[in-house]
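# Working through the structure, step by step
In case you want the letters, here they are:
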Amino acid sequence: MSAISLPRRSAEVHARSQTADWRARYFNWFCLSVLLVFAAIWIIPLLWAVDTSLKPDGVIAAQPTSWWSGSWTVHAYQELFNLGNIQVWYLNSFMISLLSAVFAVVACSMAGFAIARTRFRGRRFIYGLIAAGLLIPPQVLIVPQFQEFNAVHLLNTYWVQVLPAVAVPIAVIIFASFFNGIPAELAEAAHVDGASWWRIYRTIYMPLSKPAISAVFIFTFVWKWNDFLWPLLTLTNTRTMTLPVGLSQVSSSFGIQYAEIMASAVLGALPLIVVFLLFQRRIVEGIATTGIK
Amino acid sequence: MRAEDHLLSRRTLLRGAGALGLGGLVSGCGSAFATGIAGVGPAKNTLSYWNLLGGGDGVRMIAMEDAYQKAHPGIALNAVVLAWGNPYYTKLSLATLGNQPPDVGISHLTRASILARAGLLEPLNGTELAPYGLTGGNFTPPAWDMAHTDGKLYAIPLDTHPLVMYYNTDICKKAGLLDQDGSLKKLDSPAALTDAFTAAKKVTGAYGAVMSINNDTATQWRIFSSLYYQLGGSVLADSGRKIVLDDAKAERVLSLFQDLTVKQGLMPTSVDYPGAITTFATGKAGFYFEGDWEITTFETTKTPFSMTAFPNVFGGRYAVQADSHSFVLPKDPARTDAMRKNIFSFIRSMLDQSSTWAQGGHIPAWLPFQKSAAYDKLRPASDYKGVANYARYDDLAWYSGSGSDFENIMGFAIAAVSAGQMSPAAAVSDMRSKLTQYAKTPSPV
Amino acid sequence: MSIQAIPVETGASATARAAAAPRQRRDEGRAGIGLAAPFLILYVLFLIGPTLYGVVMSFFNSSLEHAGLGGFTGPDNYTQALTSSDFWQSMWHTVLFTLMTTPPLVALALVLAIFTDRLRRGRWFFRLLFFAPYVVPSAAMALIWTWLYTPQIGLWDKWLSAVGIANPPNWLADPSWAMASVALATVWWTLGFNFVLYLAGLQEIPRNLYEAAEVDGASRWHQMRRITIPLLSRTTALVLVLQIIASLKIFDQIFLMTAGGPNYATRPLLEYVYDIGFTDFRTGYAAAASMLYFLVILAVSLVWFFISRRQQKEA
């Protein structure tokens, strides 16, 4: 490379990189504006719901559109709490989701560990059976499951929700494949020390599996909180309903009291949005890693 | 280090808030918690009551509930309003199967029979009812009969709500349809009906009459069946296993529909339930056909109107489609005699408030009020009270009843004729083929 | 555990293990079964059991409130389902819903994810905004969107009348518009999930690929077409199949927003099963319809299973 051609080449490169810079910046601005437009569209339904819930009832049907009606009031929320049902629904949803998530983590991690790290007769068959269960969507089983729970008188209890939530193959597979990634030497070494399998599972493998635990816990919790069809069928007393079922069944009694209806929607949406705000990273990581699997 | 500290403090904050919140919730909802964990029933001094009454009916029912609660402060009334139609009855059935039914619920009498056959209702014992006055002599005979299934009593009727005819008094006066004393001339033939509508149309400049068509199978069925019953027809027999639809009679009624809507333009061919109300309320139609419950709506819009029995258009033996609201006790193995006493006292309290209920247009089934002078004073509600004795309930079948598949099948075909989308003959064959599928299916109850 | 200890111990432990092999293996076997037992018991009772029971029930005339199986009907339930226009229409509604929601949910999520990935800061903001609807329960979402769609006083109609469109269709009560309205609400509700999956996939693409293309003078669009989209093919396949299977299970939104109406114009297959089984009490027939429904979902799952196996073999 002669000294004469260098400056020319760097001038060309400089010119090209300047155009590239300008194009890149234009492109970035384009992306940002499109994103902002869609973000605005996406936030509108929730904002409008909150806005409606804080308006006095008489103003809501008025035209034209107004985001601000002249006065705010929390009357709609007060009325909901006075009716007394929403607190019970919160409790039911919380207990069911919590029990489901805890039991799912415990039972499925134990099973996942057994399959991944222990050898027993029929292990292959059982693994195949569990994998086959992946193909069975729970919606297909609503009729026979209802009959089953009816026969053992477990309808309208927490257990009719919690027990099927534990019997989920994907959770076992998540744990099994995660445990497979933990070196087997750890187990062997502890074994030589005389540790029982239970201890190995509890003190070595589980502490190392926080991502899998949080993924299964969060998924089960969110799934059971938002579950609709199964609780609709099995939790039919207004005192045993979960939040989604209660909201949808009782909203018809409000008629055209839109503030109350929107207040109930906001109260229904709020818990998990708060959970999401607090555990954003974990939740997103969980989706990403299990999705790839 | 800083992130961890932040995380730790957030976690402890969460834990603290969670414990507080959970503690508060559990203490406030202890019984619900117990139910969730162990299936324990609700506390003894609560009375849970489900109904499907919205709109104006709902407002009136709430007023009656409040009066009951004031008179019985020791009992906590837990009233729940659920969506009308199939969803209500599905929920009631599922709750009863789930052993957590409400203590008392509203049921249409046509549906109560099906629930009774399915073993979901508790039969009512005459000796237990007597102290509360809930005996046969105090109720409208057709309703009392309908409340029995296979000889046993399963429901206590609250009212009879027939199809009625609303008419705009101003428009009818201008059209010359009112007598000297202001009452409507009798419309007891198709010709009289058509003439009246034509006269009304001249006055309104829009329509002579209006009925709800779009997405409203119930109204279409009610009007059709009233006319069809007047011709002496039935649709189902043998608990729905046989179709006895009389094609000629059905086509005759449907041709009348088609004539009034499509051919002569005396009634709109496309209007939904709220639209029909608006059309009548704003004076664009002189006549309106619907159940008796819209009386309050038109009182609120200050439309000059009155109501009368649905006309005996075909001139034979009078009949009109009706159903009744009634109180039923869903089966509950944990129900005690004390609970039952509370329930009967509640039912009696509701019946004692028949005056409030009747102001909503329904004919009270409770004879002590129906025969009283106070009821006579309610105008125009008491004008059609005689209709209660001619009420014709829907034919019994496991797929029939208020808001049922049967009503949807029939109503859909009838609406298609009213909207000009199907000919009467095609509609009748559509009804027959769809009903046959249900008739062939063995009954699940 | 010292490093020197291991080789010695291994030798000793290997012999010890070999000597004690049967007992340890039995302990291991027992431990394995013991650990797996709680899950397995629940699994057999509440997944495998109901599946088998459902298959058996579909051959009987079972009813909701009578215990036991009812009369034997053989394949009658299946023939009735396969010849029932209600069954096929419900199946079609489910498929139509899937066709209406899958393309926007896949394509729009991809585009928005690519744009978001471009940003250096503020990515969390858009992730939050697009994903927040996903954690809202279906009941709350249905209440909000039904209110938005309310004739005349709902927000959409208010805006339309403000720009001069006086007679918009009745979004949820018009048979021609109901399904599209529910589909639109669903896109708002569930886009966030695919968006996050795509973001994760985008993060896996090495940055230096872009830089190299940059030096070669490729425009942003060119880069997107030649680098980003092809390298996302695995994620796209995943998103696509998850979306299709999720859409086939549709129930909540339609039940809540249109109740399957108007006049059953939007009723999906799962709601048909609900109506037949729990409103009409005919659980045997509902079980048969469920089994046919299961076959459809199974077919889609198996197609994806074989496609992804082939992809893995190629990779």
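Being a predicted model, the structure only gives us computed values, none of them experimental. (Residues numbered from 1 in each chain as written. Chains lettered and ligands numbered in written order. Predicted model: local features only at pLDDT ≥ 70, side-chain atom pairs only at ≥ 80, totals over all residues. Heavy atoms only, no water.)

### Considerations on the overall build of chain A
Convention followed: Helix and strand labels come from DSSP, where a helix needs a run of H or I of at least four residues and a strand needs a run of E of at least two; each type is numbered from the N terminus. The rule is simple: take the accessible area with a 1.4 Å probe, protein chains only, and divide by the maximum for that residue type; under 20% is buried, over 50% is exposed, in between is partly exposed. Contacts are assigned to residue pairs with any non-hydrogen atoms lying within 4.5 Å of each other.
A tally of helices and strands in chain A yields 15 helices and zero strands. Residue burial in chain A is summarised as follows: out of 293 residues, 54% are buried. Look at the contacts in chain A between residues 6 or more apart in sequence, and 72% of them connect residues 24 or more apart.

### Notes on the packing of helix H4 (residues 85-117) of chain A against helix H10 (residues 197-205) of chain A
Helix packing geometry: the angle between the two helix axes and the distance between the axes. All names here are of chain A. Short version of the rule: To obtain an axis, a line is fitted to C-alpha atoms, over the contacting stretch when the element is a helix, and the angle between two such axes runs from 0 to 180 degrees between their N-to-C directions. Working definition: roughly parallel below 35 degrees, roughly antiparallel above 145 degrees, roughly perpendicular at 65 to 115 degrees, and oblique for all remaining angles. Crossings are classed by handedness, with left-handed meaning an anticlockwise turn of the near helix from the far one by less than a right angle and right-handed meaning a clockwise turn. Residue polarity is assigned by list, with Asp, Glu, Lys and Arg as charged and Ala, Val, Leu, Ile, Met, Phe, Trp, Tyr, Cys and Pro as nonpolar; anything else, Gly included, falls into the polar class.
For the pair H4 and H10, interaxial distance at closest approach is 11 Å and the crossing angle is 110°. Taken together, H4 and H10 sit at an angle that is classed as roughly perpendicular. Note on packing geometry: the crossing formed by H4 with H10 is right-handed. Along its contact with H4, which presents Val106, Ser109, Met110, Phe113 and Arg117, the element H10 presents Trp197, Trp198, Ile200, Tyr201 and Tyr205. Residues that form the contact of H4 with H10 fall into these classes: eight nonpolar, one polar and one charged.

### Quick look at the environment of Met410(B)
Residue and element names in this part refer to chain B. Mapped onto the fold, Met410 is located in helix H18 (residues 405-418). In this structure, the C-alpha to C-alpha distance between Met410 and Trp84, residues 326 residues apart in sequence, is 19 Å. Ignoring anything within four residues of it in the chain, the contact list for Met410 reads Trp221, Phe224, Val235, Leu245, Met431 and Leu435.

### Quick look at the pairing of strand S2 (residues 76-81) of chain B
Remark: a regular strand shows side chains that alternate across the two faces of the sheet. Residues and elements named next belong to chain B. Applicable threshold: Pairing between strands is defined by DSSP: at least two bridges between them are needed. The definition of a right-handed crossover adopted here requires that, viewed with the strands pointing away, the path from the first strand over the helix to the second runs clockwise.
Direction of pairing for strand S1 (residues 46-51) relative to S2: parallel, over a ladder of six bridges. Within the sheet, the bridge partner assigned to Thr46 lies in S2 and is Ala76. What joins S1 to S2 is helix H3 (residues 55-71), and the crossover it makes is right-handed.

### Looking at helix H7 (residues 155-162) of chain C
Among the residues of H7(C), those classed as buried are Leu155(C), Trp156(C), Asp157(C) and Lys158(C). At the C-terminal side of H7(C), Gly164(C) shows a positive phi close to 100°.

### Here's the deal with the nonpolar core
Stated formally: Residues grouped as a nonpolar core are buried Ala, Val, Leu, Ile, Met, Phe, Trp, Tyr and Cys residues, joined through side-chain atoms within 4.5 Å.
With 335 residues, the main nonpolar core has Phe224(B), Phe287(B) and Ile347(B) as its most contacted residues. A total of 17 residues in this core trace back to one element, the largest contributor, which is H4(A). Once residues within four sequence positions are removed from consideration, Phe224(B) is found in contact with Ala250(B), Val253(B), Leu254(B), Phe257(B), Met410(B), Ile414(B) and Met431(B).

### Thoughts on a nonpolar patch on the surface
The following threshold applies: Patch membership requires over 30% relative accessible area and the absence of a salt bridge. Like charges are linked within 9 Å, and nonpolar side chains (Val, Leu, Ile, Met, Phe, Trp, Tyr) within 5 Å. All accessible-area figures derive from a Shrake-Rupley calculation using a 1.4 Å probe, and residue coverage is judged against the displayed protein chains alone. Put simply, a salt bridge is a Lys or Arg side-chain nitrogen that is within 4 Å of an Asp or Glu carboxyl oxygen.
There is a patch of nonpolar side chains on the surface, built from Tyr26(A), Phe30(A) and Trp221(C) and spanning about 340 Å² of accessible area. Within the secondary structure layout, Tyr26(A) lies in helix H1 (residues 5-53).

### Brief notes about the domain arrangement of chain A
Residues and elements named next belong to chain A. Let me state the cut-off plainly: Domain delimitation follows an automatic or database domain assignment. What gets called buried area is simply the loss in accessible area from a 1.4 Å probe that two parts show on being joined, summed for both. For the purposes of these results, a polar contact is taken to be a pair of N or O atoms within 3.5 Å, where, inside protein, one atom must be able to donate a hydrogen and its partner to accept one; residues adjacent in sequence count only when each atom of the pair is a side-chain atom.
The domain architecture assigned to chain A consists of domain 1 (2-53) and domain 2 (78-290). Domain 1 puts five residues into the contact, and the matching count from domain 2 is six residues. The contact between domain 1 and domain 2 buries some 410 Å² in all, and 87% of this surface belongs to carbon and sulfur atoms. If you sort the residues of domain 1 by the area they bury against domain 2, Ala49, Thr52 and Ser53 come out on top, with a joint share of 75%. The interface formed by domain 1 and domain 2 holds zero salt bridges in total. Our enumeration of links across domain 1 and domain 2 arrives at zero residue pairs in polar contact (both at pLDDT 80 or more).

### Side note on the interface of chain A and chain C
Each side of the interface is counted separately: chain A has 99 residues, and chain C has 100 residues. Per-residue buried area on chain A facing chain C is highest for Phe27(A), Leu35(A) and Trp42(A); these three make up 9% of the total on that side. Joining chain A to chain C, the criterion identifies zero salt bridges. Linking chain A with chain C are nine residue pairs in polar contact (both at pLDDT 80 or more), by the criterion used here. When residues in the side of chain A that touches chain C are grouped by element, the largest group, 22 residues, is from H1(A). Among the residues forming the side of chain A that touches chain C, the class breakdown is 74 nonpolar, 18 polar and seven charged.

### Quick look at the environment of Pro50(C)
For Pro50(C), the location among the structural elements is in helix H2 (residues 21-57). Spatially, the C-alpha atoms of Pro50(C) and Pro133(C) are 33 Å apart, while their sequence positions differ by 83 residues. Ignoring anything within four residues of it in the chain, the contact list for Pro50(C) reads Leu141(A), Pro144(A), Gln145(A), Glu148(A), Val44(C) and Leu45(C).

### Re the side chain of Ser109(A)
All names here are of chain A. Turning to its location among the elements, Ser109 is positioned in helix H4. Judged by relative accessible area, Ser109 falls into the buried class, the value being 0%. Only 2.6 Å separates the side chain of Ser109 from the side chain of Tyr201, close enough to count as a polar contact. Ignoring sequence-local partners within four residues, the contact set of Ser109 consists of Ala104, Phe175, Phe179, Tyr201 and Met206.

### Some remarks on empty space enclosed by the protein
Basically, it comes down to this: The way it works is a 1 Å grid over only the protein atoms, where trapped points that fit a 1.4 Å probe form a cavity and open points with protein on both sides within 12 Å along at least five of seven lines form a pocket, and then any residue with an atom within 4 Å of a point lines it. Grid points are joined across faces, edges and corners, and a volume is the space filled by probe spheres set on the points.
For the structure shown, the criterion picks out six cavities of 30 Å³ or more. Its boundaries defined by the atoms lining it, the largest cavity holds a volume of some 170 Å³. Looking at the largest cavity, it is lined by 17 residues, and the ones nearest its centre are Arg111(B), Ile114(B), Trp398(B), Thr279(C) and Phe281(C). Elements with a minimum of two residues in the lining of the largest cavity: helix H4 (86-97) and helix H5 (109-117) of chain B together with helix H13 (269-279) of chain C. Of the residues contributing to the lining of the largest cavity, the split by class is eight nonpolar, six polar and three charged. If you add up the space inside the second largest cavity, you get close to 120 Å³. Contributing to the lining of the second largest cavity are 13 residues, with Leu193(B), Ile223(B), Leu227(B), Leu260(B) and Phe289(B) lying nearest its centre.

### Quick look at the interface of chain C and chain B
If you look at the interface, chain C gives 16 residues, while chain B gives 19 residues. When chain C packs against chain B, the two sides together hide about 1700 Å² of surface, and 54% of this comes from carbon and sulfur. Summed over the shared surface of chain C and chain B, the result is zero salt bridges. Scanning the region where chain C abuts chain B turns up four residue pairs in polar contact (both at pLDDT 80 or more). The element best represented in the side of chain C that touches chain B is H13(C), accounting for three residues. Classifying every residue of the side of chain C that touches chain B by side-chain character gives seven nonpolar, six polar and three charged.

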